[in-house]
Amino acid sequence: MSENEWDERPRSTFSAPVASYHQAPDTRRGGKGRGFDPVDNSGNRFRGSGGFNSIRGSREGGRGRERGARGDRGGRGGGRFGGGGVGRREGDWTCPDSDCGHSNFGWRQECQKCQTAKPAGEEKLRPEFYISREPKDDDEIFYGGGISTSMNVYNYDSIKMKVTGNNVPEPIRDFCSADLALFVLNSIRKSGYTKPTPLQKSTIPIIMSGRDLMACDQTGSGKTAAFLIPIINTLLEDQRDLVFEGDTCEPQAVIVSPTRELTIHIFDEARKFSKGSILKVCIAYGGTGTMHQASKLKNGCHILVLTPEILNKFVNKGRVAFRSIRFLVLDKADRLLNFGLLDDMRKMLKYLSMVATGKRQTLIFSGTFPDEIQKLAEQFLHNYILVDVGTLGGTCADVQQIFYHVARNEKRNKLKELLMKENKKVLVFIESKRNADFIAVYLTEQQIPATSIHGDRMQREREIALNDFKYNRVRVLIATAVGLDIKAVGVEHVINYDLPISIDKYLLSIGKARQMGNPGKATSFFDSEKDGPLAPFLVKILQQANQDVPEWLESASYGGASGLSIGKNFGGSDYRKVTGNNVPEPIRDFCSADLALFVLNSIRKSGYTKPTPLQKS
């Protein structure tokens, strides 16, 4: 990407996660009693007793009688926000250290001046009332500005696929052989898709045949299009009237994802593939005005994309019912289950309005599916087909992995050095939310356009940061673990500023560098004091990917990783081991095997406490 392609707007692109402060238009001041009028997120002004537009400031600013309750220094008509306590905003707190007494914004978790921790029980900032901008129906934005995905999947043909189940439909060769409607084929062409990925080749005919599906997919395998294309095709080919009554909407397809960023991505992709059709796509997620989102559902919708907590809230309030549902999609199912949202999913399936299993199509997609999660997911499925696109540990051969031995206090300079050498879109993973903001500001000051995203930023700020990165207003995005769910198009380089604590997250992070089969580059900073336990795992990954292992990294891994199998927790074989119909379920233990009491006693006397895998089956 040439240097001229970057947006040449002012370089101060990073916006700190705090409210802005503006000087009042009336600059009547008394003495040196200057101050500012803080403006909260709703536009309300809180005037201090001293400073601009302040009567007390006019009278007493020069003499400095009033110490600012929120000022840094007090005196002279008050500090930062004026003299008296009138200007204190909701959520602000005072440092409990008697030698400090500094006043802090409510969002700070420690004192800005002395780093003392925020006292427990302090009132938090009230949530921002935010309404996301209405999406634009612009072809350039849909198909050229970042929502479309570059396709170079010819490198994917060598990936091994495992498909298990009864009566599995034949995979397609290309999109034209998939029996798709002409409208859908045109949408695929406009999106730049020329050849289906291995996942799409198998899943599209399975979904179009009406079967339930569980798919273990890699990062960047074209999963979103794999389920949206056949769903949209079915809704267009077999059209049914929208059902809505009063405040209740009955969508025909419900797509549940664990995070806001992934929900927004799926919504954008659904709008892209259905643009110009009669299909109506809606979205709902946290951090925004839920009443505004609910109002969009009153006239009905075909496809509803949302997060689990909003789904249950809308169902409990009667805004969403499932009587008309035809497709239920759980994306990132392992995250849904591991985040403790399994009970929410079970509750959703037990709602009286939910169409019974077998009468709806349930599609589950995930990057990890060990046996225990398969068994949990099987509660949602009927006679399903399992598609496994390789194992994630073995699919990093097309990602160039580079490691630097960098001490903690040298990381910032090393990051700057790497970014100054190239002019690419870079996604940087950092462990600390506070450090993410700090590094973003630092890079911006060094004339490297950057912004940050993490869980403590308001939803408005998170969306602005993502859009700035997506549409090339900044070329560096600093992210915490929330970045693992970002669908960032055009990322050419991933940098692990802080290596994650688990090898699973490392594999997911470097997977962001490979988009739809395109080769990528991943750089990691290795701090021997902190990252030592990861060394044997990293060596094994490099060896499996046939890449060079630095001598210092191999030395750090000495004595570890014996018998290590990378990818054990990724993908997975079908635990059902389908060889025919009516295969009995394996037992959990001897007591669940319906054995006679005499036999159970004999087993106990023999010292057997738990059946082997062979005995279970």
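Residues numbered from 1 in each chain as written. Predicted model: local features only at pLDDT ≥ 70, side-chain atom pairs only at ≥ 80, totals over all residues. Heavy atoms only, no water.

The protein has the name RNA helicase in an unreviewed UniProt entry, where Graphocephala atropunctata is given as its organism.

A closer look at the overall build of the protein
For the record, the criterion: A run of H or I in DSSP counts as a helix once it spans at least four residues, and a run of E counts as a strand once it spans at least two, with each numbered from the N terminus. Relative accessibility decides the category of a residue: with a 1.4 Å probe and only protein chains considered, values under 20% of the type maximum give buried, values over 50% give exposed, and everything between is partly exposed. The contact definition used throughout considers only heavy atoms, calling two residues in contact when any of these lie within 4.5 Å.
Across its full length, the protein holds 19 helices and 20 strands. In the protein, buried positions account for 52% of the 617 residues. Within the protein, contacts between residues separated by at least 24 positions form 73% of all contacts whose residues are at least 6 apart in sequence.

Concerning the sheet that holds strand E13 (residues 361-366)
We count it as follows: Strands were regarded as paired on the criterion that DSSP finds at least two bridges between them. Only the stretch in contact is used when a helix axis is fitted, and all axes are lines through C-alpha atoms; the angle between N-to-C directions ranges over 0 to 180 degrees.
One open sheet holds the eight strands; their spatial order is E5-E14-E6-E13-E12-E9-E11-E10, and the pairing between them is mixed. Across the chains shown, the open sheet's two edge strands, defined by having one partner strand only, are strand E5 (161-164) and strand E10 (281-284). Strand after strand, the sheet turns through a mean of 10° between neighbouring axes, direction not considered. Bridging between strand E6 (residues 213-216) and strand E14 (residues 385-389) involves four bridges; their strand directions are parallel. The residue bridging Met214 from the neighbouring strand is Leu386, located in E14. Contacts between helix H4 (residues 198-208) and the sheet are confined to E5, E6, strand E12 (327-330), E13 and E14, with E14 contributing the most and set at about 170° to the helix.

Details of helix H6 (residues 260-274)
Rule in force here: To estimate the expected span of a helix, subtract one from its residue number and multiply by 1.5 Å. In the analysis that follows, any N or O atom pair within 3.5 Å is treated as a polar contact, provided that within protein one partner can donate a hydrogen and the other can accept it, and provided that, for residues neighboring in sequence, both atoms belong to side chains.
The end-to-end C-alpha separation of H6 is 21 Å, in line with the 21 Å expected for 15 residues at 1.5 Å each. Within H6, 14 of the 15 residues are buried, which leaves it mostly tucked inside the rest of the structure. In this structure Thr259 caps H6, since a side-chain oxygen of it lies 3.4 Å from the backbone nitrogen of Leu262. Taken from the residues just after H6, Gly276 is the one with a positive phi, measuring 90°.

Side note on the packing of helix H7 (residues 290-297) against helix H8 (residues 308-316)
Angle between the axes and distance between the axes are the two parameters that describe a pair of packed helices. Just so we agree on the cut-off: Here the word oblique covers every angle except those under 35 degrees (roughly parallel), over 145 (roughly antiparallel) and from 65 to 115 (roughly perpendicular). Crossing handedness is defined as follows: a turn of the near helix away from the far one that is anticlockwise and smaller than a right angle gives a left-handed crossing, while the clockwise case is right-handed. In this count, Pro and Cys sit with the nonpolar residues alongside Ala, Val, Leu, Ile, Met, Phe, Trp and Tyr, while Asp, Glu, Lys and Arg are called charged and the others, Gly among them, polar.
For the pair H7 and H8, the least separation of the axes is 12 Å and the interaxial angle reads 65°. As the angle between them shows, H7 and H8 are arranged roughly perpendicular. Judged by the twist between their axes, the crossing of H7 over H8 is right-handed. Contacts between H7 and H8 involve Thr290, Gln293, Ala294 and Leu297 on the former and, on the latter, Ile310, Lys313 and Phe314. Taken together, the residues of the contact of H7 with H8 sort by class into four nonpolar, two polar and one charged.

Considerations on the nonpolar core
To be explicit about the condition: Each nonpolar core is a collection of buried residues, namely Ala, Val, Leu, Ile, Met, Phe, Trp, Tyr and Cys, held together in the definition by side-chain atoms within 4.5 Å.
One finds Phe227 and Ile229 to be the most contacted residues of the largest nonpolar core, which totals 44 residues. At nine residues, helix H5 (residues 223-237) tops the list of elements feeding residues into this core.

A look at the UniProt feature "short sequence motif: Q motif" (unreviewed entry) in the protein
Rules: UniProt positions are given in the numbering used here, feature names are shortened, and annotations may be inferred rather than shown by experiment.
UniProt feature "short sequence motif: Q motif" (unreviewed entry): in the numbering of this structure it lies at residues 173-201 and 588-616. The span residues 173-201 carries 45% helix and 0% strand; its end-to-end C-alpha distance comes to 7 Å.

Considerations on the packing of aromatic side chains
Note the threshold: Only centres within 6.5 Å qualify two rings of Phe, Tyr or Trp (six-membered ring in Trp) as a pair; their planes then separate them into stacked at under 30 degrees, edge-to-face at over 60, and tilted for everything else.
All chains considered together, the criterion is met by seven aromatic pairs. An angle of 50° between the planes, with centres 5.5 Å apart, marks the rings of Phe526 and Trp552 as tilted. Taken together, the residues Phe526 in strand E20 (residues 520-526) and Trp552 in helix H17 (residues 551-556) connect sequence positions 26 residues apart. Using a relative accessible area of 26% as the deciding quantity, one classes Trp552 as partly exposed. Three or more aromatic residues link up through ring pairs in this structure, and these residues are Phe175, Tyr193 and Phe273.

Some thoughts on the sheet that holds strand E15 (residues 399-405)
Within a sheet, adjacent strands bond to each other through the backbone by hydrogen bonds, running parallel or antiparallel. A sheet is described by the order of its strands in space; here six strands give the open sequence E15-E20-E19-E16-E18-E17, paired in parallel fashion. With partners counted over all chains shown, the strands left at the sheet margins are E15 and strand E17 (450-453), one partner each. For this sheet the average axis-to-axis angle between neighbouring strands, irrespective of direction, equals 20°. Examined bridge by bridge, strand E16 (residues 426-429) and strand E19 (residues 493-496) share four bridges and lie parallel to one another. Each residue of the ladder has a partner; that of Val428, found in E19, is Ile495.

Some words on the pairing of E19
Neither face of E19 is left uncovered, since the one carrying His493 and Ile495 and the one carrying Val494 and Asn496 both have all their residues buried. When E19 meets E20, the two strands line up parallel, connected through four bridges. From the neighbouring strand, His493 faces E20, where its bridge partner is Lys521.

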